[in-house]
Amino acid sequence: MSNHSSSVRVRFAPSPTGPIHLGGIRTALYNYLFAKKCKGTFILRIEDTDPNRFVEHSETHILESLKWCGILPDEGVGCGGSSGPYYQSQRGNIYRFYIHQLLQNGHAYYAFDTDQEIDQKKKECQDRGIMFSYNHRFRMELTNSLTMTKQQLHSKLQEGVPYVVRFKIRPGKILNIRDLVRGNIVMHTEHLDDKILLKSNGMATYHLASTIDDYLMRITHVIRGSEWIPSMFLHVLLYRSFGWISPHFVHLPLILRKDGKGKISKRNLDGNFPVFPIQWKDLEHNKVIPGYRELGYFPESFVNMLVLLGWNPGKKKEIFSLHELEDMFSLNRIKKSNVFFDIKKSIWFNKQYVCKNKQKVLFFLYEKLTKRSILYKKNYVVKVIDLTIDRIYFIHEIWSHTFYFFVSPHTYDISWLEKKDKHFIISTLKNLYHVLFHMEDSLENIKGEFYNKIKEDKKRYIMQMMRLALIGCLKGIDLITIIRMIGKEESMKRIQKLIDHLNEKI
RNA sequence: GGCCCAUUCGUCUAUUGGUUAGGACGUCAGGUUUUCAUCCUGGAAAGAGGGGUUCGAUUCCCCUAUGGGCUGCCA
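Now for a look at the structure at hand. This one's a predicted model, so the numbers in the text were calculated from it and none came from an experiment.

A look at the protein's contact with RNA strand B
Next, step 1: Taken together, 60 residues lie around RNA strand B, and Arg182, Gly310, Glu318, Arg391 and Asp478 are the ones closest in.
Next, step 2: Backbone atoms, meaning sugar and phosphate, make up 69% of the atoms of RNA strand B lying within 4 Å of the protein.
Next, step 3: Within the side chain of Lys316, an N or O atom sits 2.7 Å from a sugar or linking oxygen of RNA strand B.
Next, step 4: One nitrogen or oxygen atom from the side chain of Glu318 is found 2.3 Å from a sugar or linking oxygen belonging to RNA strand B.
Next, step 5: Listing elements by their share of the surface near RNA strand B, those giving two or more residues are strand 7 (183-188), helix 8 (229-242), strand 14 (339-340), helix 11 (343-356) and helix 17 (459-471).
Next, step 6: Top element by residues in the surface near RNA strand B is helix 17. It accounts for five residues.
Next, step 7: Partitioning the surface near RNA strand B into residue classes produces 21 nonpolar, 13 polar and 26 charged.

Listed below in structure tokens is the structure:
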């Protein structure tokens, strides 16, 4: 039992306010990996404390994205557990119970100020050249339970005047909080403001809810983006005011946009690289934004690329499976400084996985051929893949690199020979046709025979012409190999086809 | 404005007081491929600046600069 209570429990706690982006996935990934490494528990909790910002389908997007990446929770939304419910919107009673405690012991107070009153106060401060903050300095000048008698408070509450509950921060203390990757971070409490814990609609704010939930769900390590560092102090104070011990904190470097305009977010989709793991249907603007999945990335490659953005194993190796990562992940190799995402490296990563997944490429090509009603022998297609796989970065690129093994070209890139004499070109092609015609069907000695029979000084040019006939452009694998693959008959046919094509043009 | 965090090649990063500062992506050159790509070989490319501490600092401390975050009844 004692073992159980000390075991690692971490959570990923997104809010359903829009699609999840790669920063969120990385946070989930690090939580997941740390849990696996420690044989702990990875919990998925939905922080839906703000109904105003609720976006339809975003929860599905989050869940499906995690699933696509292979980041599956052990407990929480989608898989149950004994610490539920795992939706914060269903935990209102719990939060109200605890807020009552805080109100009772003087750690929190009621505030009745309207937006207009706060704005007024802000303006006043601005005129005096100081910044307004709802804190120890100003709270005694505002409308709250600290500045009224018990009777006044009672009657306000009786009348149903809307209020919020604020946390009372006591100035004059120095907080020295440990972050597992950054070391100690120091903060003077006079710089903190009296954050709202309970909104006027009766719902807890994120700060209150997540603090209580983390405690109740026995979270041992809070691993999240470094944009949360400033609120860590509030959270710690909240734990203390309840008499609870804080979990360990780990703040992750942010993934920045390359155009130097801050952190990535679901609100700015116009960055210079895709941000969503899977496609997002933006109902508001009626458009579909493709994700890495739709762009042809393997989830393994996406995860591999992502894990190295802010963490590394300290070895020269770079290709890791999720399983390997579960074994080698460690918090102390997370770096502190923010990172930029490099789309080119992500493409290179995918290529590594293309080569590892020959079978998938094969099946993709089978399908492509079937769709085009092209008959094929499996062995032949396997050979084709072997010859071409190292030319592609994404599976869907395979057809444009292999079509010529199955069909003759239907267009010709003849721009490069337009300067040449057309009659000479045609006679050369006819000559090539005859050279092939006189060759044995097995094409065993094709290389030698071929080169013997074409003029030494024009070899390069003639071979290019041959390539044009067989492929339609100056690309593709070794010519001799192509001729052997498609055979003598087909090669001759293609030469004749190009001759006909050129004749039409003259 | 206030507070907090960070700073090694263009990018991801190694090196946690003594290294010719290493690797990967990208880039450039050469080779292979009679094309293109792959691949191979090689090159260019970094400790933000200034002060300390130390026999010795990329590494520890301070200042400045730059970048980033927070400063919402958002999370």
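Back to the write-up after that little detour.
Describing the packing of aromatic side chains
Next, step 1: Tallied over the full model, the rule gives 29 aromatic pairs.
Next, step 2: Linked through ring pairs, Trp68, Phe273, Tyr292, Tyr297, Phe302, Phe341 and Phe394 together constitute an aromatic cluster.
Next, step 3: If you follow Lys156 out to its NZ or CZ, it ends over the ring of Phe112, 5.6 Å from the centre.
Next, step 4: Taking NZ or CZ as reference, Arg166 lies 3.6 Å from the ring centre of Tyr134, over its face.

Remarks on the environment of Lys497
Next, step 1: For Lys497, the location among the structural elements is in helix 19 (residues 488-505).
Next, step 2: Spatially, the C-alpha atom of Lys497 lies 9.2 Å from that of Pro409, the residues being 88 residues apart in sequence.
Next, step 3: Apart from residues no more than four positions distant in its own chain, Lys497 is found in contact with Ser408, Pro409, His410 and Tyr412.

Remarks on helix 7 (residues 206-216)
Next, step 1: Within helix 7, nine of the eleven residues are buried, which leaves the element mostly enclosed by the surrounding structure.
Next, step 2: Buried within helix 7 are the following residues: Tyr206, His207, Leu208, Ala209, Ser210, Thr211, Ile212, Asp213 and Asp214.
Next, step 3: Turning to helix 7, the residues buried within the fold contact strand 1 (9-12), helix 4 (92-104), strand 8 (196-198), strand 9 (221-225) and helix 8.
Next, step 4: Phi for Arg218, located one or two positions after helix 7, is positive at around 55°.

Examining the side chain of Thr27
Next, step 1: Note that Thr27 resides in helix 2 (residues 22-37).
Next, step 2: Look at Thr27 and you get buried, because its relative accessible area is 11%.
Next, step 3: With near-sequence residues (within four places) excluded, Thr27 lies in contact with Phe12, Ile223, Arg224, Gly225 and Leu252.

Comments concerning the pairing of strand 6 (residues 174-179)
Next, step 1: Residues of strand 6 alternate between two faces, with Leu175, Ile177 and Asp179 buried on one and Ile174, Asn176 and Arg178 left unburied on the opposite face.
Next, step 2: Judged from the six bridges that link them, strand 6 and strand 7 form a sheet pairing that is antiparallel. For Asn176, the partnering residue across the bridge sits in strand 7 and is Val186.
Next, step 3: Hairpin geometry of strand 6 and strand 7 is characterised by an intervening segment of three residues between the two adjacent antiparallel strands.

A look at the sheet that holds strand 5 (residues 164-167)
Next, step 1: Read from one edge to the other, the open sheet built from three strands follows the order 4-5-8, with strand pairing classed as antiparallel. Among the strands making up the open sheet, the edge pair consists of strand 4 (108-111) and strand 8. Looking at each pair of strands side by side, their axes are set apart by 45° on average, direction ignored.

Observations regarding the environment of Ile385
Next, step 1: Locating Ile385 in the fold gives a position in helix 13 (residues 378-388).
Next, step 2: Residues Ile385 and Asn338, 47 residues apart in the sequence, show an inter-C-alpha distance of 40 Å.
Next, step 3: Residues within four places of Ile385 in sequence aside, it is in contact with Lys358, Val361, Leu362, Leu365 and Ile398.

Description of the pairing of strand 9
Next, step 1: The buried fraction of strand 9 is high, at five of five residues.
Next, step 2: Here strand 9 pairs with strand 10 (residues 248-252) via five bridges, running parallel. Residue pairing in the sheet places His221 in a bridge with His248 of strand 10.
Next, step 3: Note on the crossover from strand 9 through helix 8 to strand 10: the handedness is right-handed.

Observations concerning the nonpolar core
Next, step 1: The biggest cluster of nonpolar side chains holds 152 residues, and the ones touching the most others in it are Phe406 and Phe450.
Next, step 2: Excluding residues that lie within four positions of it along the chain, Phe450 makes contacts with Leu432, Val435, Leu436, Met439, Met463 and Met466.
Next, step 3: Core analysis: the next-biggest nonpolar cluster, separate from the first, contains nine residues, Tyr109, Ile118, Phe138 and Leu142 among them.

So, the packing of helix 13 against helix 18 (residues 479-486)
Next, step 1: Where helix 13 meets helix 18, the axes come as close as 12 Å, and the angle between the chain directions of the two elements is 170°. Considering their axes alone, helix 13 and helix 18 lie roughly antiparallel with respect to each other. On helix 18, the residues touching Tyr380, Lys383, Val384 and Leu387 of helix 13 are Thr481, Met485 and Ile486.
Next, step 2: Considering only residue class, the contact of helix 13 with helix 18 consists of five nonpolar, one polar and one charged.

So, the side chain of Lys351
Next, step 1: As for its position among the elements, Lys351 is in helix 11.
Next, step 2: A distance of 2.6 Å separates the side chain of Lys351 from the backbone oxygen of Asp390, its partner in a polar contact.
Next, step 3: Dropping the residues within four chain positions of it, Lys351 is found in contact with Ile389, Asp390, Arg391, Ile392 and Tyr393.

Cut-offs applied
- Residues numbered from 1 in each chain as written.
- Chains lettered and ligands numbered in written order.
- Predicted model: local features only at pLDDT ≥ 70, side-chain atom pairs only at ≥ 80, totals over all residues.
- Heavy atoms only, no water.
- Near = heavy atom within 4 Å.
- Polar contact = N/O pair within 3.5 Å; in protein donor to acceptor, adjacent residues only side chain to side chain.
- Helix = DSSP H or I, 4+ residues; strand = E, 2+ residues; numbered from the N terminus.
- Nonpolar A, V, L, I, M, F, W, Y, C, P; charged D, E, K, R; others polar.
- Phe/Tyr/Trp six-rings, centres within 6.5 Å; stacked < 30°, edge-to-face > 60°.
- Lys NZ or Arg CZ within 6 Å of the ring centre and 35° of its normal.
- Contact = heavy atoms within 4.5 Å.
- Buried < 20%, exposed > 50% of the residue type's maximum accessible area, 1.4 Å probe, protein only.
- Pairing = 2+ DSSP bridges.
- Axes fitted to C-alpha atoms, helices over the stretch in contact; angles between N-to-C directions.
- Right-handed = clockwise from strand over helix to strand, strands pointing away.
- Core = buried A, V, L, I, M, F, W, Y, C linked by side-chain atoms within 4.5 Å.
- Parallel < 35°, antiparallel > 145°, perpendicular 65-115°, else oblique.

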